[in-house]
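What the coordinates show
Listed below are the residues making up each chain.
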Protein chains: 2
Amino acid sequence: MPYFDAASSAPLHPVARQALQASLDEGWADPARLYREGRRAGLLLDAAREAAAEAVGCRPDELVFTPSGTYAVHSGVAGALSGRRRVGLHVAVSAVEHSSVLHAAEAHARATGGAVSEVPVDRYGAVAPAAYAQALRADTALACLQSANHEVGTEQPVAEVAELCRSRGVPLLVDAAQSLGWGPVEGAWSLLAASAHKWGGPAGVGLLAVRKGVRFAPPGPADERESGRTPGFENIPAIVAAAASLRAVRAEAAAEAVRLRALVDRIRARVPELVPEVEVVGDPVRRLPHLVTFSCLYVDGEALLHELDRADFSVSSGSSCTSSTLTPSHVLRAMGVLSEGNVRVSLPPGTPEADVDRFLEVLPGVVAGVRERLGATAVASGPVAVEVPGAAEGLVVDALGRRCPIPVIELAKIFGEVPVGGTVTVLSDDAAARLDIPAWCGMRGQEYVGERPADHGDAGAVAYVVRRLS
Amino acid sequence: MPYFDAASSAPLHPVARQALQASLDEGWADPARLYREGRRAGLLLDAAREAAAEAVGCRPDELVFTPSGTYAVHSGVAGALSGRRRVGLHVAVSAVEHSSVLHAAEAHARATGGAVSEVPVDRYGAVAPAAYAQALRADTALACLQSANHEVGTEQPVAEVAELCRSRGVPLLVDAAQSLGWGPVEGAWSLLAASAHKWGGPAGVGLLAVRKGVRFAPPGPADERESGRTPGFENIPAIVAAAASLRAVRAEAAAEAVRLRALVDRIRARVPELVPEVEVVGDPVRRLPHLVTFSCLYVDGEALLHELDRADFSVSSGSSCTSSTLTPSHVLRAMGVLSEGNVRVSLPPGTPEADVDRFLEVLPGVVAGVRERLGATAVASGPVAVEVPGAAEGLVVDALGRRCPIPVIELAKIFGEVPVGGTVTVLSDDAAARLDIPAWCGMRGQEYVGERPADHGDAGAVAYVVRRLS
């Protein structure tokens, strides 16, 4: 059962399991108490904090443990914004941050009226430091940038952005959830958040580092624990396991990164050869070692996940049909790449080469099967260029009420009937169409003309216009 | 090493340990994912929710897991207040709630300007339903009442208060952290919060139940997990262990409650016989089965804890010298009882009778030792009633800069020189004096006249006046 979704949650590292079990006996008491059980728990907590701080590259008194990475991000964003209230209320974030960062910024905006600027990314999902510099304003209280993207693996230029933030006097919060197991975050960041279960630690532990000198006002009700920055009784066995496993994965990181990078390179190279109409996304070089994402035209992401699960592969997807809100991943949207039939493969440390080879064997048949059931087999090889003299310029495809990938399949099916120079208008009320129809045009070398509201009762209906170039 | 501080944190129950270890293999994946590891984690989470809901006495869809009991209280208070914003901003709490409840109410007041009413308690630490009724106003958005007090064990009349809240249309949040292991909370409560490590579950798990029909707006940034009520990745192994151990302790609760109640009765009866100048506090009957608190005159709480720890007993204290803020416990203050030399004994399930007997053997010598080192041995038997004709009416004891229990010891030492009818004025800048000087008067049958600001440069200096009656 190859599990290829380490970016969601990594299986527990053996060192985490051992440390957790060992500290269940020593770490259950209240570390604030004066008696021996409390002192023992306190010593474990201190040692874990020192180990984690060393791995992060900060002082132990700059680091607190939180109940999750999400909590670390939420409280880090809120605390930094609250501490800099006098400077202003503006926040700059990249457009491809984890939802926890975006939601924390939204909550701030809702509560205070402060503005949020989203810094755009290129087609690989990376921000340009110059674009980040433009987003900073005199009233910018906080900037946020992930170390590497959780959906496509692209590394961000954190050190450059940290330097320009520093020169402008703006603290930078780095969400290092995806990268901390691979190494420390370089550069003069001000706050850093991470999550233990992403590196093979237990669930229930995040960490938040706040550099000395960064103004920080903890949000929420007062509480004495964790320097007043995280309320609630400390989960010491899990914290010990988190710190121990971070050391362990770091010790293995250099060698494992080389090995997994080669396996991911194999997937990046082979998938487009084995599966027609595929787009591999994310930076091919400046990326996390273990993560690759690709999207398959004319494929339903949920069906693809189910079929891969039946074939024993656990992966995730940013397709709209796999999201509870039926919208495609905001990361793929910001990158302007295809979202249908999206697959994210993230290899846990120790993934055998044979599992990757087996995945490459299985994938083409699985994709073909899903396409066949959607009636998309005929279109996969592209439209036949027919010349139909006098054919109506302006064919219309009514795909209202049909979900991704049907609007794109219907577009592809009719495209053969469009004369070169003619247009097709696709009517769709599916959120994925806005991303996938332009992406289809890009992949097929056709012209995406644009969109307009459809002349249709339904407020969500949009008309997407495509012109045939060849 | 008898551990007598179950009310802070109970040692891990064997069932919790087994469940935790068993679910480390099955419960690490993301329960929101469609693949098998995710589905398996989701099944574990569902089963744990059903078991916990049954123990709480609510529907599974009314219960969410949180990272701690503190988090459950904080988010329960904030969510209920936010959901009832249109009704008003007023909150009613008992004066002896856990600090997490009081801090959540304070944070609400700070953020919104809403008022907080503290319902007073009697000398046993219990609220009267009539006093609670008086505190409810037309703009009361939320009432909070603990099921039983965490420092003195007194049970609150939750069912009566819930009924009167219901009749006034005000939701009642019950902090059941101390009692949930012993049984469900009776009555028509609206919200309930609890903490697993108090019943022998692991750290890192709280629970929050919100009855259907209660208006609730989750505070903070949006997140899809736990019905949008608790952000962050679920800690499923710990949740499974929490639910399993709650069932296990409940199965043992009836028999263990009888046994521990008898042991606590023994402590309640014997301590005042064995140790002079002791006040046992809290309701002798309507109380938690396993918890008893007493205070010893002329004793430094921190020294007492250290000596008991050296004698292998782990207990906690509400004395000011054991608090980081150097103020006595707000619970003892609200009850108007002595805070110096305070000891809370809370027996974990399974405590052997022999440990309690040994504690009763050791305690008198420990208290006597601490008193001797403080030079308080001579005063422990009370002042000798001397008649000093013409002695100055109005002796003054300057205890400025001296911490608890010194001001009371100095008062007791000089008291023998005061003629009957004469007064002593104690100058003190220690917060505990405000509680302990009146308590001393009550215990010694002397008159506490009152306090006034001291004619002294120090802003915190207070003059406490005591009149000798006998």
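Scope of this entry: the structure provided in the associated data block.

Cut-offs applied
Residues numbered from 1 in each chain as written. Chains lettered and ligands numbered in written order. Predicted model: local features only at pLDDT ≥ 70, side-chain atom pairs only at ≥ 80, totals over all residues. Heavy atoms only, no water. Helix = DSSP H or I, 4+ residues; strand = E, 2+ residues; numbered from the N terminus. Rg over C-alpha atoms; globule rule 2.2 N^0.38 Å. Buried < 20%, exposed > 50% of the residue type's maximum accessible area, 1.4 Å probe, protein only. Contact = heavy atoms within 4.5 Å. Lys, Arg positive; Asp, Glu negative; His and termini not counted. Charge placed at Lys NZ, Arg CZ, Asp CG, Glu CD. Pairing = 2+ DSSP bridges. Axes fitted to C-alpha atoms, helices over the stretch in contact; angles between N-to-C directions. Buried area = accessible area lost by both parts, 1.4 Å probe. Salt bridge = Lys/Arg side-chain N within 4 Å of Asp/Glu carboxyl O. Nonpolar A, V, L, I, M, F, W, Y, C, P; charged D, E, K, R; others polar. Phe/Tyr/Trp six-rings, centres within 6.5 Å; stacked < 30°, edge-to-face > 60°. Right-handed = clockwise from strand over helix to strand, strands pointing away. Arc of directions from axis to C-beta. Least-squares fit on C-alpha atoms with pLDDT ≥ 70 in both. Parallel < 35°, antiparallel > 145°, perpendicular 65-115°, else oblique. Left-handed = near helix turned anticlockwise from the far one by under 90°.

**Section: the overall build of chain A**
- Helix and strand content of chain A: 12 helices and 14 strands.
- For 470 residues, the compact-globule estimate of 2.2 N^0.38 gives 23 Å, and chain A sits close to it at 24 Å.
- Oriented by its inertia axes, the alpha-carbon framework of chain A measures out at about 90 × 55 × 35 Å.
- For chain A, buried positions account for 60% of its 470 residues.
- In chain A, once contacts between residues fewer than 6 apart in sequence are set aside, the share between residues at least 24 apart is 74%.
- Treating the 44 positive side-chain charges of chain A as one cloud and the 55 negative ones as another, the clouds have centres 6 Å apart.

**A few points about the sheet that holds strand S5 (residues 172-175) of chain B**
Residues and elements named next belong to chain B.
- Taken together, seven strands build an open sheet; the order of strands is S1-S7-S6-S5-S4-S2-S3 and the sheet is mixed. The outermost strands of the open sheet, each flanked by one partner alone, are strand S1 (63-66) and strand S3 (116-119). The mean angle between the axes of side-by-side strands here comes to 20 degrees, regardless of whether they run parallel or antiparallel.
- As paired strands, strand S2 (residues 90-94) and strand S4 (residues 140-146) are joined by four bridges and run parallel to one another. Bridge pairing in S4 places Val93 opposite Cys144.

**Remarks on the interface of chain A and chain B**
- Listed as interface residues are 55 residues of chain A and, on the opposing side, 55 residues of chain B.
- Carbon and sulfur atoms make up 58% of the surface buried where chain A meets chain B, a total of about 4600 Å² over both sides.
- With a closest N to O distance of 3.6 Å, A:Asp309 and B:Arg36 form a salt bridge.
- Contributing elements (two or more residues each) for the side of chain A that touches chain B: helix H1 (14-24), helix H2 (36-56), helix H3 (69-83), helix H4 (99-112) and helix H8 (301-310) of chain A.
- Residue classes in the side of chain A that touches chain B are distributed as 22 nonpolar, 16 polar and 17 charged.

**Some thoughts on the pattern of salt bridges**
Residue and element names in this part refer to chain A.
- Under the criterion given, the structure shown has 60 salt bridges over all chains.
- In this structure, Glu226 engages Arg49 in a salt bridge whose closest nitrogen and oxygen atoms are separated by 2.7 Å. Taken together, the positions of Glu226 in the loop between strand S7 (206-210) and helix H7 (236-274) and Arg49 in helix H2 put the pair 177 residues apart, joining distant regions of the chain. Like Arg49, Glu226 is buried.

**A few points about the packing of aromatic side chains**
- This structure, assessed with the given rule, holds 13 aromatic pairs over all chains.
- Ring geometry for A:Phe4 versus A:Phe313: centroids 5.5 Å apart, planes at 50 degrees, classification tilted. Linking A:Phe4 in the segment before H1 with A:Phe313 in the loop between H8 and helix H9 (330-335), this pair joins segments that are 309 residues apart in sequence.
- Relative accessible area serves as the criterion here: at 1%, A:Phe4 is assigned to the buried category.
- Ring centres 5.1 Å apart and planes at 80 degrees place the aromatic pair B:Phe415 and B:Trp440 in the edge-to-face group. Taken as a pair, B:Phe415 in helix H11 (residues 406-415) and B:Trp440 in helix H12 (residues 433-444) lie far apart in primary sequence, 25 residues in all.
- B:Phe415 gets classed as buried once you look at its relative accessible area, which sits at 0%.
- Note on B:Trp440: relative accessible area 0%, which makes it buried.

**As for the pairing of strand S12 (residues 423-428) of chain B**
Residue and element names in this part refer to chain B.
- With six of its six residues buried, S12 lies for the most part within the structure.
- Note that strand S11 (residues 395-398) and S12 share four bridges and pair parallel. Each residue of the ladder has a partner; that of Asp398, found in S12, is Leu427.
- Viewed along the sheet, the connection from S11 through H11 into S12 turns out right-handed.
- Examined bridge by bridge, S12 and strand S14 (residues 462-467) share six bridges and lie antiparallel to one another. The partner of Val424 across the bridge, within S14, is Val466.

**Some remarks on helix H1 (residues 14-24) of chain B**
- Taken together, the buried positions of H1(B) are occupied by B:Ala16, B:Ala19, B:Leu20, B:Ser23 and B:Leu24. Take H1(B) and look down its axis: the buried residues cluster within an arc of 130 degrees, on one side only. Exposed positions of H1(B) whose direction lies more than 90 degrees from the buried face are B:Pro14, B:Gln18 and B:Ala22.
- Contact partners of the buried residues in H1(B): H1 of chain A together with helix H2 (36-56) and helix H7 (236-274) of chain B.

**Section: the side chain of A:Asp309**
- Looking at the element boundaries, A:Asp309 is found in helix H8.
- For A:Asp309, a relative accessible area of 6% puts it in the buried group.
- Setting aside residues no more than four positions away along its own chain, A:Asp309 makes contact with A:Ser314, B:Leu34, B:Tyr35, B:Arg36 and B:Arg39.

**Overview of the relation of the copies chain A and chain B**
- By a simple turn and slide, chain A fits onto chain B: the slide is 0.0 Å along the axis, the RMSD is 0.1 Å, and the turn is 180 degrees. The superposition operator between the copies reduces to a two-fold rotation axis. In terms of C-alpha distance to the rotation axis, chain A has A:Pro67 as its closest residue, with the C-alpha 2.9 Å off the axis.
- Comparing interface residues between copies, 100% of those in chain A also sit at the interface in chain B, which points to an isologous, same-surface contact.

**Here we look at the packing of H7(B) against helix H10 (residues 353-373) of chain B**
Residue and element names in this part refer to chain B.
- It is at 10 Å that the axes of H7 and H10 come closest, and there the two elements cross at 15 degrees. Judged by the angle between their axes, H7 and H10 are roughly parallel. In terms of crossing hand, the pair formed by H7 and H10 is right-handed. Across the interface between the two elements, Arg259, Leu263, Arg266, Ile267, Arg270, Val271 and Leu274 from H7 touch Glu353, Val356, Asp357, Leu360, Leu363 and Pro364 from H10.

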